[in-house]
Amino acid sequence: YNHKYYSGRRQWRALHLLAPHAAADLNLGPFYGSLRYDAPYPATLKLSSKDAHITLKKVFSIMRDAYEGTQFSPSESLAGGPFGTPDRYDGGEGEAAVSGTWERTINIFRSTYSFVAVAKQKLVFWGPHAAKTTCYVPLSILFQQIPSTYSSVWQGIFSRKDAFWAFRYVATISQS
């Protein structure tokens, strides 16, 4: 939270993945003075005729993005370690001795959930745990009650009944 690009870089990346031609036409770059006062990114973006339509698959992919293929990718440098992981864990005592911060990617391993809302279809695609290893499940906003496997989760207590823990297990195995 202590870096000026913590939130803005994710906005820049999402806009470039959603509408690369429109973002390029507006010259939306990854650097800015102040996200709050300069407002470098628009709240909406009109698709260019060269941009592809936005699909659920594309949005799910963006939710899983870790700046792959950019100069900000935490997995494509020495920082990615021997296995090229974008995940960053607390570094312990030695971390304070090194100046700087890690990039905060769109996907982050410590998420408890992510979701994509599709208003016209009255659906929320719910993804327990981190976007990278979840399976987005469609849930109707008209439900009177959400299935307990998605609604009664607390990450402090393990339960085989909670979807969160199933996807956390997938994340653990994928990092092994």
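Structure: see above.
Summarised in this report is the structure supplied together with it. (Residues numbered from 1 in each chain as written. Predicted model: local features only at pLDDT ≥ 70, side-chain atom pairs only at ≥ 80, totals over all residues. Heavy atoms only, no water.)

It is worth spelling out unusual backbone geometry at this point. Even without being a glycine, Asn27 presents a positive backbone phi close to 55°. Along the chain, Asn27 falls in the loop between helix H2 (20-25) and helix H3 (35-38). Residue class for Asn27 comes out exposed when judged on its relative accessible area of 68%. Of note, Lys122 is a non-glycine position whose phi angle comes to about 55°, a positive value. Locating Lys122 in the fold gives a position in the loop between strand S1 (113-118) and strand S2 (123-128). (Helix = DSSP H or I, 4+ residues; strand = E, 2+ residues; numbered from the N terminus. Buried < 20%, exposed > 50% of the residue type's maximum accessible area, 1.4 Å probe, protein only.)

Time to look at the nonpolar core. Judged by nonpolar contacts, Tyr5, Trp12, Leu15, Ala23, Leu28, Tyr32, Tyr41, Tyr67 and Phe72 together constitute the single largest core of 9 residues. Apart from the residues within four sequence positions on either side, Tyr5 is in contact with Pro30, Phe31 and Tyr32. If you look at the next biggest cluster of nonpolar residues, it comprises 7 residues, including Val116, Val118, Phe125 and Ala131. (Core = buried A, V, L, I, M, F, W, Y, C linked by side-chain atoms within 4.5 Å. Contact = heavy atoms within 4.5 Å.)

A few words now on the packing of aromatic side chains. Enumeration over the complete set of coordinates arrives at 13 aromatic pairs. A centroid spacing of 5.6 Å and a plane angle of 85° characterise the contact between Trp12 and Phe72, whose relative ring orientation is edge-to-face. Of the two residues, Trp12 sits in helix H1 (residues 8-18) while Phe72 sits in the loop between helix H4 (56-63) and S1, which places them 60 residues apart along the sequence. One exposure class covers both Trp12 and Phe72, and it is buried. Through a chain of ring-to-ring contacts, the aromatic side chains of Tyr5, Trp12, Phe31, Tyr32, Tyr41, Tyr67 and Phe72 assemble into a single cluster. Directly above the ring of Tyr5 sits Arg9, whose terminal nitrogen or CZ lies 4.2 Å from the centroid. Arg9 extends its terminal NZ or CZ atom over the ring of Phe72, reaching a point 3.9 Å from the ring centre. (Phe/Tyr/Trp six-rings, centres within 6.5 Å; stacked < 30°, edge-to-face > 60°. Lys NZ or Arg CZ within 6 Å of the ring centre and 35° of its normal.)

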